[in-house]
Amino acid sequence: MKIESLKISAYHISENISLKQFKADFTGDLLYSSSSELFYSVGEGGFLYLFNYGVAAFAGMSDVESTRVLSLIKEYSQNIIDEDFFDDYILKSGDVSRPAYGFDEITVSEITPDVIKIVMLNLAQSVALDYYSKAADVLLESVNRFADKLEKTGRMGISKKNMLKFVGKTLNSKNRIIDNLYIFDVPDIVWDSKYLDEIHTGLIRVFDLKSRFKEVQASFKNIEENLAIFIEVHQHKMSNILEWIIIILILIEVVDLFITKIF
């Protein structure tokens, strides 16, 4: 039966999903699998697309069924995200020779599993970018607070240990973006299909993925540059403390020698 319309939803639910464990337990019809993705056919006309970076995408599934599967996925997830990061998109079929993009929807000549997969992939990456963009904003706000305090008081009000932990958190977030998002990679299924490639390229443009990705990268670069300066300030402070300790020790030695000579 020809599919006329399909609702696609994507949720960023955690920082990581253990795909290997989920694959071993889930009973859906597995259409594609890799170390970073699982693509299932579920029930009558439903699809589930899982990504190891913590996003689950659904197509043709009721809200009740999606909620049930989401609860199951969380059992295989690490570092669940409290805030909601999700989006919906409508996939329609119509009498068109080329993909037609409207507000929150795309119309194609025929809805196939490959078309569904391409739309789910791009929507998942869009939702992931929302999450990483928010994470970058939160880190940047912290950096700005350190800078403001440094300007007003000459101190940052954070220990070196906590500063290094903050640096580690920043680097981990940046590395997850680079490792997990495939915005500049072409999915294997579009290589042999000009039509699928056109859909994929169009969705990248519609979701503005490339410029959003570059904005997040720029934010993390700004954060790293500020942190490098903060660490240098900490090191300079520790160097000054060490110098004063050495001066004090020398003075103690001089006083001790002076007392010894006199008495």
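Here the residue numbering is sequential within each chain, running from 1 through the sequence in written order. Local features in a predicted model are, by the rule used here, given only for residues with pLDDT of at least 70; side-chain atom pairs are given and counted only at 80 or more, and totals for whole chains, interfaces and linings are based on all residues. For side-chain calculations, the full set of non-hydrogen atoms in the structure is used, while hydrogens and water are omitted.

**Q** Would you mind going over empty space enclosed by the protein with me for this structure?
**A** Where empty space is left becomes clear once a probe the size of a water molecule has been rolled over the atoms. Buriedness of a pocket was judged along seven lines, with at least five required to meet protein on both sides within 12 Å; pockets are open sets of points on a 1 Å grid over the protein atoms alone, cavities are sets where a 1.4 Å probe fits but cannot get out, and lining residues have an atom within 4 Å of a point. Grid points are joined across faces, edges and corners, and a volume is the space filled by probe spheres set on the points. A complete count under the given rule lists one cavity of 30 Å³ or more for this structure. Each pocket or cavity is described by its volume, and for the largest cavity that value is around 50 Å³. Around the largest cavity, the lining residues are Lys7, Ser9, Tyr11, Phe58, Ala59, Met61, Asp63 and Ser66. Elements that contribute at least two residues to the lining of the largest cavity include exactly strand E1 (5-12), strand E6 (55-59) and helix H2 (63-74). Going along the chain from the N terminus, every DSSP run of H or I of four or more residues is numbered as a helix, and every run of E of two or more is numbered as a strand.

**Q** How should the pattern of salt bridges be read in this particular structure?
**A** Between side chains of opposite charge, a pair can form as their charged atoms come close. Between Lys or Arg on one side and Asp or Glu on the other, a salt bridge is scored when a side-chain nitrogen of the former is within 4 Å of a carboxyl oxygen of the latter. Inspection of every chain in the model, using the stated rule, returns six salt bridges. The closest approach of N and O atoms between Arg212 and Asp130, which form a salt bridge, is 2.8 Å. Taken together, the residues Arg212 in helix H6 (residues 209-262) and Asp130 in helix H3 (residues 113-153) connect sequence positions 82 residues apart. Buried residues are those whose accessible area, probed at 1.4 Å on protein chains only, stays under 20% of the maximum for their type, while exposed residues exceed 50% and partly exposed ones sit between those limits. The exposure class of Asp130 is partly exposed, given its relative accessible area of 33%.

**Q** Please explain the side chain of Ser14 as it appears in this structure.
**A** Relative to the elements of secondary structure, Ser14 occurs in strand E2 (residues 14-17). Residue classification places Ser14 among the buried residues on the basis of a relative accessible area of 0%. Two N or O atoms count as a polar contact when they lie within 3.5 Å, although within protein this holds only if one can serve as hydrogen donor and the other as acceptor, and sequence-adjacent residues are included solely when both atoms are side-chain atoms. Within the structure, the side chain of Ser14 is placed 2.9 Å from the backbone oxygen of Asn16, a separation counted as a polar contact. Once residues lying within four places of it in the same chain are set aside, the contact partners of Ser14 are Tyr53, Gly54, Ser77, Gln78, Asn79, Ile80 and Ile81. Any two residues whose heavy atoms approach within 4.5 Å at even a single point are treated as in contact.

**Q** Would you mind showing me how to read the layout of surface pockets here?
**A** Estimated volume of the largest pocket: approximately 280 Å³. If you go around the largest pocket, you meet 16 residues; those closest to its centre are Tyr32, Glu37, Val186, Pro187 and Asp188. The dominant element in the lining of the largest pocket, judged by the number of residues it contributes, is H3, at four residues. Its residues assigned to classes, the lining of the largest pocket shows eight nonpolar, four polar and four charged. Roughly 200 Å³ of volume is contained in the second largest pocket. If you go around the second largest pocket, the residues you meet are Glu15, Asn79, Ile80, Ile81, Tyr131, Ala135, Val138, Leu139, Lys169, Ser173 and Arg176. Here the lining of the second largest pocket gets four residues from one element, more than from any other, and that element is H3. Throughout, the ten residues Ala, Val, Leu, Ile, Met, Phe, Trp, Tyr, Cys and Pro are labelled nonpolar, Asp, Glu, Lys and Arg are labelled charged, and all others, Gly among them, are labelled polar. Of the residues in the lining of the second largest pocket, the class split is six nonpolar, two polar and three charged.

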